[in-house]
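So the chains spell out like this:
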2 protein chains.
Amino acid sequence: MRTRPLKVALLGCGVVGSEVARIMTTHADDLAARIGAPVELAGVAVRRPSKVRAGIDPALVTTDATALVKRGDIDVVVEVIGGIEPARALITTALEHGASVVSANKALLAQDGAALHAAAEEHGRDLYYEAAVAGAIPLIRPLRESLAGDKVNRVLGIVNGTTNFILDKMDSTGAGYQEALDEATALGYAEADPTADVEGFDAAAKAAILAGIAFHTRVRLDDVHREGMTEVTAADFRSAREMGCTIKLLAICERARGGASVTARVHPAMIPLSHPLASVRGAYNAVFVESDAAGQLMFYGPGAGGAPTASAVLGDLVAVCRNRLGGATGPGESAYAALPVSPMGDVVTRYHISLDVADKPGVLAQVATVFAEHGVSIDTVRQQGKNQGSGDAVAVEQGGGGRREGGEASLVVVTHRASDASLTGTVEALRKLDTVRGVASIMRVEGE
Amino acid sequence: MRTRPLKVALLGCGVVGSEVARIMTTHADDLAARIGAPVELAGVAVRRPSKVRAGIDPALVTTDATALVKRGDIDVVVEVIGGIEPARALITTALEHGASVVSANKALLAQDGAALHAAAEEHGRDLYYEAAVAGAIPLIRPLRESLAGDKVNRVLGIVNGTTNFILDKMDSTGAGYQEALDEATALGYAEADPTADVEGFDAAAKAAILAGIAFHTRVRLDDVHREGMTEVTAADFRSAREMGCTIKLLAICERARGGASVTARVHPAMIPLSHPLASVRGAYNAVFVESDAAGQLMFYGPGAGGAPTASAVLGDLVAVCRNRLGGATGPGESAYAALPVSPMGDVVTRYHISLDVADKPGVLAQVATVFAEHGVSIDTVRQQGKNQGSGDAVAVEQGGGGRREGGEASLVVVTHRASDASLTGTVEALRKLDTVRGVASIMRVEGE
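Residues numbered from 1 in each chain as written. Chains lettered and ligands numbered in written order. Predicted model: local features only at pLDDT ≥ 70, side-chain atom pairs only at ≥ 80, totals over all residues. Heavy atoms only, no water.

### Quick word on the relation of the copies chain A and chain B
Moving on, step 1. With an RMSD of 0.0 Å, chain A superimposes on chain B once it is rotated by 180 degrees and translated 0.0 Å along the axis. Taken together, the rotation and translation relating the two chain copies correspond to the operation of a two-fold axis. For chain A, the smallest separation between a C-alpha atom and the rotation axis is recorded for Phe299(A), amounting to 2.4 Å.
Moving on, step 2. Comparing contact sets, 100% of the residues at the interface of chain A also lie at the interface in chain B, consistent with an isologous, same-surface contact. (Least-squares fit on C-alpha atoms with pLDDT ≥ 70 in both. Contact = heavy atoms within 4.5 Å.)

### Notes on helix H10 (residues 201-215) of chain A
Each full turn of the α-helix corresponds to 3.6 residues, which orients residues three or four apart in the same direction.
Residues and elements named next belong to chain A.
Moving on, step 1. The end-to-end C-alpha separation of H10 is 21 Å, in line with the 21 Å expected for 15 residues at 1.5 Å each.
Moving on, step 2. Most of H10 sits out of view: 14 of its 15 residues are buried.
Moving on, step 3. His216 sits one or two positions beyond H10 and adopts a positive phi of about 55 degrees. (Helix = DSSP H or I, 4+ residues; strand = E, 2+ residues; numbered from the N terminus. Expected span 1.5 Å × (residues − 1). Buried < 20%, exposed > 50% of the residue type's maximum accessible area, 1.4 Å probe, protein only.)

### As for the pairing of strand E4 (residues 76-79) of chain B
Residue and element names in this part refer to chain B.
Moving on, step 1. On E4, burial covers both faces: Val76 and Val78 on one face and Val77 and Glu79 on the other are all buried.
Moving on, step 2. Pairing geometry for E4 and strand E5 (residues 100-103), over four bridges, is parallel. Paired with Val76 across the bridge in E5 is Ser100. (Pairing = 2+ DSSP bridges.)

### A closer look at the packing of aromatic side chains
Moving on, step 1. Scanning the model with the defined rule gives five aromatic pairs over all chains in all.
Moving on, step 2. Seen from their ring centres, Phe165(B) and Tyr189(B) are 4.4 Å apart, and the 25 degrees between their planes marks the pair as stacked. Placement of the pair is Phe165(B) in helix H7 (residues 161-173) and Tyr189(B) in the loop between helix H8 (177-186) and helix H9 (195-198), with a sequence separation of 24 residues.
Moving on, step 3. On the basis of relative accessibility, which here comes to 9%, the residue Phe165(B) falls in the buried class.
Moving on, step 4. With a centroid separation of 5.0 Å and 5 degrees between ring planes, the pair formed by Tyr284(B) and Tyr300(B) is classed as stacked. Of the two residues, Tyr284(B) sits in strand E11 (residues 284-291) while Tyr300(B) sits in strand E12 (residues 295-302), which places them 16 residues apart along the sequence.
Moving on, step 5. Overall, Tyr284(B) belongs to the partly exposed group, its relative accessible area being 23%.
Moving on, step 6. Between Arg144(A) and the ring centre of Tyr128(A), over which it is positioned, the NZ or CZ distance is 5.3 Å. (Phe/Tyr/Trp six-rings, centres within 6.5 Å; stacked < 30°, edge-to-face > 60°. Lys NZ or Arg CZ within 6 Å of the ring centre and 35° of its normal.)

### Focus: the packing of helix H4 (residues 87-96) of chain B against helix H5 (residues 106-122) of chain B
All names here are of chain B.
Moving on, step 1. Two numbers describe how H4 lies on H5: the axes approach to 10 Å, and their chain directions differ by 15 degrees. Taken together, the axis directions place H4 and H5 in an arrangement best described as roughly parallel. The way H4 lies across H5 gives a crossing that is right-handed. Contacts from Ala87, Arg88, Ile91, Thr92 and Leu95 in H4 reach Leu108, Gln111, Asp112, Leu116, Ala119 and Ala120 in H5.
Moving on, step 2. Classifying every residue of the contact of H4 with H5 by side-chain character gives seven nonpolar, two polar and two charged. (Axes fitted to C-alpha atoms, helices over the stretch in contact; angles between N-to-C directions. Parallel < 35°, antiparallel > 145°, perpendicular 65-115°, else oblique. Left-handed = near helix turned anticlockwise from the far one by under 90°. Nonpolar A, V, L, I, M, F, W, Y, C, P; charged D, E, K, R; others polar.)

### Considerations on the sheet that holds strand E1 (residues 6-11) of chain B
All names here are of chain B.
Moving on, step 1. Taken in spatial order, the six strands line up as E3-E2-E1-E4-E5-E6 in an open sheet, and their pairing is parallel. A strand with exactly one partner marks an edge of an open sheet, and here the two such strands are strand E3 (61-62) and strand E6 (127-128).
Moving on, step 2. In this structure, E5 lies alongside E6, joined through two bridges in parallel fashion. Residue pairing in the sheet places Val102 in a bridge with Tyr128 of E6.

### Looking at the sheet that holds strand E3 (residues 61-62) of chain A
Sheet strands line up and pair through hydrogen bonds in the backbone, either parallel or antiparallel.
Moving on, step 1. Read from one edge of the open sheet, six strands run E3-E2-E1-E4-E5-E6 (chain A), paired in parallel fashion. Because the sheet does not close on itself, it has two edges, and the strands there are E3 and strand E6 (127-128) of chain A.

### Things to note about the packing of helix H13 (residues 363-373) of chain B against helix H14 (residues 420-432) of chain B
Residue and element names in this part refer to chain B.
Moving on, step 1. Interhelical geometry of H13 versus H14 gives an angle of 150 degrees and a closest axis separation of 9 Å. Compared by their axis directions, H13 and H14 come out roughly antiparallel. Considering only the axes of H13 and H14, their crossing is right-handed. Contacts from Val367, Val370 and Phe371 in H13 reach Thr426, Ala429 and Leu430 in H14.

### Let's talk about the interface of chain A and chain B
Moving on, step 1. On the side of chain B, 43 residues touch chain A, which itself brings 43 residues to the contact.
Moving on, step 2. Here chain A meets chain B over a buried area of about 3,700 Å², counting both sides, of which 56% is carbon and sulfur.
Moving on, step 3. Taken as a group, Arg34(A), Tyr300(A) and Tyr336(A) account for 17% of the area that chain A buries against chain B, more than any other trio of residues on that side.
Moving on, step 4. Our count for the contact surface shared by chain A and chain B stands at two salt bridges.
Moving on, step 5. For Glu145(B), the salt bridge is made with Arg141(A), and the minimal N-O distance between the two is 3.6 Å. (Buried area = accessible area lost by both parts, 1.4 Å probe. Salt bridge = Lys/Arg side-chain N within 4 Å of Asp/Glu carboxyl O.)

And the structure:
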């Protein structure tokens with residue numbers, strides 16, 4: 001074993017960074033044995049040096065991150081600051097000065113992955129980021145390496161723990177969105193400003209990264225269709241149950257137009273209770289992968305948190321250090337397929353639509369005609385009293401059965417597979433019908 | 001991209017080998033792009049060359065596998081023959097002649113992994129075998145690389161699809177073992193001679209490989225405690241249900257004696273229905289990994305079959321080819337921890353024991369005394385009529401309650417955590433009691 005240590009610079013020493021530093025110290029012997037050389041924490045860049053950091057030599061702490069990555073004797077820079085700047089400039093500078101980089105920065109990778117990969121390749125260094133997607137769950141490496149001889153067709157993932165906690169709570173207790181969010185906040189699962197999570201920005205960044213790796217195609221954050229989950233209601237969960245489904249916020253990356261393009265999207269969706277993703281509880285993450293040869297795979301685990309994220313960072317650190325000792329680099333960006341990214345309108349799936357309609361004869365015929373005119377085939381249709389979820393759903397015969405005198409009714413339509421563009425056109429036309437008082441909810445049905 | 005192809009020799013062209021060859025042909029362009037050079041099938045060694053092999057150039061087929069691996073121009077040998085010989089000799093010869101090796105051979109790796117790794121290292125070549133454990137599921141690579149910076153404490157896996165199919169069938173239909181086995185055989189999930197599967201030999205080989213990688217310690221097949229699942233009964237499933245459990249054949253690798261040693265074992269066990277492994281259905285495999293930093297991870301997918309296994313083989317092939325182009329090798333054997341492997345007696349877990357006892361006063365006191373004398377603490381005890389599973393279980397108070405006049409009764413004892421040695425001593429003593437007519441079943445309770 002080499003005795004001269006590999007030098008690691010740590011950028012950021014918050015929840016994740018402090019765990020990385022702790023494990024580097026407590027597991028130093030194991031890391032050395034696994035790498036083939038000791039690793040030494042050579043510097044820690046932080047914004048507030050005054051904050052006490054247990055177990056970290058104060059002499060290593062600096063506020064000048066740029067000087068740290070420029071030192072020239074640093075073998076690996078671990079970036080756990082997050083956000084676009086100064087992380088982007090620091091990573092680029094680190095690569096230019098001969099360091100390999102391990103990052104947990106999903107936002108940056110989703111936005112500028114191509115440029116960063118190009119910089120890594122130019123300088124013959126590694127850029128690894130297992131921790132950027134789904135925390136501790138090995139996902140980037142399996143997709144990039146284990147499935148390198150296979151053809152991935154779809155990635156379907158619960159990649160945000162906060163929203164899964166909220167949706168699981170709504171599902172298991174019947175709580176509304178706000179009540180479940182309040183509990184998530186109280187328990188520390190949601191941040192004071194939960195926007196990045198509940199509006200799907202966090203999941204969209206991960207979807208961009210996953211789609212890029214899965215399809216060997218550059219997919220940027222802007223390419224990802226994104227809908228948050230703030231409008232999911234307790235009534236939606238009751239509707240889902242009646243379908244034998246639950247509701248999850250999913251990141252979905254799949255091939256479209258017969259494989260000629262790819263799509264990436266984040267939105268709440270119904271999935272059957274029998275689907276492995278349906279039983280992912282609390283703040284756990286899981287990613288379901290479908291490929292030609294392997295079939296259906298699932299990867300499950302904690303998607304966030306200091307220690308789990310540090311586990312992923314350290315796995316990358318070991319790999320990058322080994323590469324460095326061997327004078328090699330690991331797999332870089334693979335974007336050779338360069339498939340176009342299709343817009344959301346090209347996505348084909350099923351839909352569950354709840355309509356508030358006038359309770360009079362002929363409404364169903366009108367509604368069914370609109371679906372037919374837009375080429376959207378109806379699988380089932382049911383009429384419910386306005387007291388939704390009371391269990392009094394009535395099967396409706398085509399031709400106006402199920403009518404009740406006076407007031408409003410709720411019509412639930414589940415479609416066969418149709419394009420998002422066709423569905424959007426259908427909904428626009430439905431809104432123009434006099435007898436349709438409102439479109440209460442539109443939910444995609446996935447994982448069937 | 002390099003234009004001169006890397007040459008691959010395929011040993012074996014059965015269910016897996018023919019899929020490997022097929023994908024190498026149909027996905028040639030993708031493989032070339034991902035590797036950075038084309039790969040060429042340079043020879044296929046088979047036993048019966050007369051058998052027609054669709055899509056394989058007959059000029060490549062040979063019965064002289066030794067000559068093929070000795071050719072000297074072969075970059076990678078893919079071994080999908082299985083069994084110990086001639087696979088061992090061929091792999092060793094291949095490494096000596098400068099080829100890297102990708103193998104799907106669990107039996108060989110479990111028995112001779114150390115020697116094969118040593119040969120690979122001596123000759124500066126790779127030995128990869130993702131396909132040897134749990135088919136398509138990326139598991140070796142995540143354990144060996146993604147978790148290289150973490151400390152794995154336990155691996156708990158369903159690693160044999162045949163037995164999971166049988167147990168799942170028994171669980172869902174109430175069928176007995178033979179009936180479920182017959183169905184598995186009829187559907188092609190079980191071989192004509194199912195011994196390797198149902199007696200746990202297959203799972204034990206995988207347990208040895210997993211334990212070795214997880215704990216950086218050499219664990220051989222002989223080190224693995226093995227019990228098959230042929231004695232699991234419909235009554236056991238009814239008992240499991242009453243505990244909120246199901247029964248799975250598990251491969252369990254864990255640290256013992258406070259981390260000073262490791263254990264590896266295969267046996268049927270009850271696990272709670274809430275455990276992620278409990279919902280693994282049919283012939284699917286799943287492996288649950290617990291580590292210090294990452295926490296709880298699970299990897300799920302098809303554990304066998306031509307295409308899934310080929311997916312794993314091809315992932316390794318791409319990695320090994322990349323290494324070869326980069327003049328590097330991937331991670332080899334990591335056995336630096338060299339922990340002792342503890343015998344089964346050191347394993348600590350909970351137990352569910354069904355006793356046939358005389359139905360008279362004082363029996364429970366006698367039985368409880370035996371447990372106490374062996375230091376095994378009882379969690380719950382219940383008395384059941386002989387018509388087990390009829391739902392007439394009666395809670396028994398300490399002191400002889402629940403007695404029924406005449407005949408036999410069944411006593412179900414669930415213990416707290418105790419060593420296997422203590423439990424074995426307890427059972428031996430119980431068998432000597434006049435009032436204990438027989439020990440109907442002993443089942444470990446895991447995953448709590």
